[in-house]
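# Residue-level structure breakdown
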Amino acid sequence: MPLRIRLRPRALCLRIMHPKTPLSASYASLATATTPAPPIEHIRSVPPVLRYPPTQPPSHKPPEVRKTQLHRQYQSLLKSSALILLFQHNNVKAVELMGIRRELAIALDKVDAERAKNGQPLFADQIKLQIIQTGIFASALRVVEFFNPVESTLDHAQHPTDPRTPTSVQITQTTNSPEDERFKHGLSKHAWDVASNRKLKIELEPLLSGPLAIVAFPAVSPQHLKTVLSILSPSPDFPAPRRKANPDLYEPAVQSGLQKMMLLGARVEGKVFDMEGTKWVGGIEGGIDGLRAQLVQMLQGVGGSLASALEGASRSLYFTVEGRRMDMEEKENPTKKEE
């Protein structure tokens, strides 16, 4: 029967190095050879490691839920859109909605083609018709309107997770809990409290009921607005394209879907416009450039009238002073008048 030998690698190594030294003495020599720890006053403070990325702080609601994603999307849409049209739709089918979006994209591409000739900015591909969740959109609008977080003045180099940060004493530290009151983003606990406060009323609140759809514009462009109104809400001021020019617009599916949509109002630069105000914005001749030309002409007229008024006042003052001077000279030298 073969002999089995069990060896301890560490003990064997020690005995090979020091065959005549006891095992306890070998461990003692190793302990004395260990480098001592530095003094506590020489140890620098290490920035705390947060359990979340700096650009994705914890949210009050679970971030993977679809409602949370829609809330974040609607907030971004409201902050980045200068003009938003609000429509009410009643049971629009998917086929009808697809046809409406197709005709809207074709009409907007024609507007961009005309603007490209004049060197104007193009953003037809950014104008989309989308169906929204009314309750979530109202909550996001309430957050955008009434929630004003205090932005931090610290740059990226002063973030606790950045290796360039020498210390974490100069900044306010947050925890990894979503309930931390120091979070100031749109999905924080403070933002949720603002959105849940029913005492805060928004101007669009009477319109935020029932099934809704919106058309968001990245900039206030009367030309694009006029085109959208002529497709989605035609009227005598904004007539729809003729059948010969755009026969696909008069397909039964498209016309059936357009009959189920009704324009309610608009939000322009944070201000609420009714149907008449929305049509006025779309009816500005020449777009923004035409409005600027009208403003310059009006200011020039005001400047001319103001200059005439100031000139007339200075003339009357000059004649008054000159007449008074001559009268005083005549009283002081009556002999000069007799001569």
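Okay, so let's go over this structure. Note that this is a predicted model, so its numbers are computed, not measured. Residue positions are counted from 1 within each chain, in the order its sequence is given. Where totals are concerned, whole chains, interfaces and linings use all residues; where local detail is concerned, this predicted model gives features only for residues with pLDDT of at least 70, and gives and counts side-chain atom pairs only at 80 or more. As a rule here, side-chain values cover all heavy atoms of the structure and leave hydrogens and water aside.

The next thing to look at is the packing of aromatic side chains. To pair, rings of Phe, Tyr and Trp, with the six-membered ring standing in for Trp, must have centres within 6.5 Å; the planes then decide the type, stacked if under 30 degrees apart, edge-to-face if over 60, and tilted in the middle. The final tally for this structure, using the stated rule, is one aromatic pair. Their ring planes at 70 degrees and their centres at 5.6 Å tell us that Tyr74 and Phe137 sit as a pair that is edge-to-face. With Tyr74 in helix H3 (residues 66–80) and Phe137 in helix H5 (residues 134–146), this pair connects stretches of sequence that are 63 residues apart. Across the pair, Phe137 and Tyr74 agree in class, each one buried. Where helices and strands are cited, they refer to DSSP runs of H or I of at least four residues and of E of at least two residues respectively, numbered from the N terminus. Any residue under 20% of the maximum accessible area for its type is buried, any over 50% is exposed, and the rest in between are partly exposed; the area is computed with a 1.4 Å probe on protein chains only.

This next bit is on the pattern of salt bridges. Two side chains of opposite charge can pair, provided their charged atoms sit close to one another. Salt bridges are counted wherever a side-chain nitrogen of Lys or Arg sits within 4 Å of a carboxyl oxygen of Asp or Glu. Counted under the stated rule, the structure contains seven salt bridges. Between Glu96 and Lys260 there is a salt bridge, with its nearest N and O atoms 3.3 Å apart. With Glu96 in helix H4 (residues 94–117) and Lys260 in the loop between helix H8 (252–259) and strand E4 (261–268), this pair connects stretches of sequence that are 164 residues apart. Lys189 is paired through a salt bridge with Asp193; the nearest N and O atoms lie 3.2 Å apart. Pair noted here: Lys189 and Asp193 are both in helix H6 (residues 189–196), with a separation of four residues, about one helical turn. When its relative accessible area of 32% is taken as the criterion, Asp193 is described as partly exposed. Counted as one network, the salt bridges with shared partners bring together Arg102, Glu103 and Glu251.

Now for empty space enclosed by the protein. A 1.4 Å probe that fits into a set of points on a 1 Å grid over the protein atoms alone but cannot get out defines a cavity; an open set with protein on both sides within 12 Å along at least five of seven lines defines a pocket, and lining residues are those with an atom within 4 Å of a point. Grid points are joined across faces, edges and corners, and a volume is the space filled by probe spheres set on the points. Taken as a whole and assessed by the stated rule, the structure comprises one cavity of 30 Å³ or more. Size it by volume and the largest cavity reaches roughly 40 Å³. If you go around the largest cavity, the residues you meet are Leu78, Ile84, Leu86, Phe137, Leu204, Ala266 and Arg267. Of all the secondary-structure elements, those providing two or more residues to the lining of the largest cavity are strand E1 (83–89) and E4. Gly is put with the polar residues, along with every residue not named as nonpolar or charged; the nonpolar set is Ala, Val, Leu, Ile, Met, Phe, Trp, Tyr, Cys and Pro, and the charged set is Asp, Glu, Lys and Arg. For the lining of the largest cavity, a count of residues per class yields six nonpolar, no polar and one charged.

Axis geometry follows a simple rule: fit a line to the C-alpha atoms, using only the stretch in contact for helices, then measure angles between N-to-C directions, giving values from 0 to 180 degrees. Packing of H4 against H8 brings their axes to within 8 Å, and their N-to-C directions diverge by 95 degrees. Viewed along their axes, H4 and H8 adopt a mutual orientation that is roughly perpendicular. Contact with H4, carried on its side by Val95, Glu96, Gly99, Ile100, Arg102 and Glu103, involves Ala253, Val254, Ser256, Gly257 and Leu258 of H8 and no other residues of that element. Residues that form the contact of H4 with H8 fall into these classes: five nonpolar, three polar and three charged. Working definition: roughly parallel below 35 degrees, roughly antiparallel above 145 degrees, roughly perpendicular at 65 to 115 degrees, and oblique for all remaining angles. Should any heavy atoms of two residues lie within 4.5 Å, those residues are considered in contact.

A separate point is the layout of surface pockets. A water-sized probe rolled over the atoms picks out the places where empty space is left. Roughly 380 Å³ of internal volume is contained in the second largest pocket. Forming the walls of the second largest pocket are 21 residues, and the residues nearest its centre are Lys61, Lys67, His71, Ser139 and Trp192. Broken down by element, the lining of the second largest pocket gets its largest block of residues, six residues, from H5. Of the residues in the lining of the second largest pocket, the class split is nine nonpolar, eight polar and four charged.

Attention shifts here to the nonpolar core. Within the largest apolar cluster, 32 residues are counted, with the highest numbers of intra-cluster contacts made by Leu85, Leu129, Val215, Phe217, Val228 and Leu232. Listed by contribution, the elements that provide at least two residues to this core are E1, H4, strand E3 (212–217), helix H7 (222–232), H8 and E4. When near neighbours in sequence (up to four residues on either side) are disregarded, Leu129 contacts Leu97, Ile100, Arg101, Leu104, Ala213, Ile214, Val215 and Met261. Judged by nonpolar contacts, the second largest core, of 19 residues, contains Ile84, Phe137, Ala138 and Leu141. Nonpolar cores are built from buried Ala, Val, Leu, Ile, Met, Phe, Trp, Tyr and Cys residues. Side-chain atoms within 4.5 Å join them into one set.

None of the figures reported here should be taken as evidence of function without further support.
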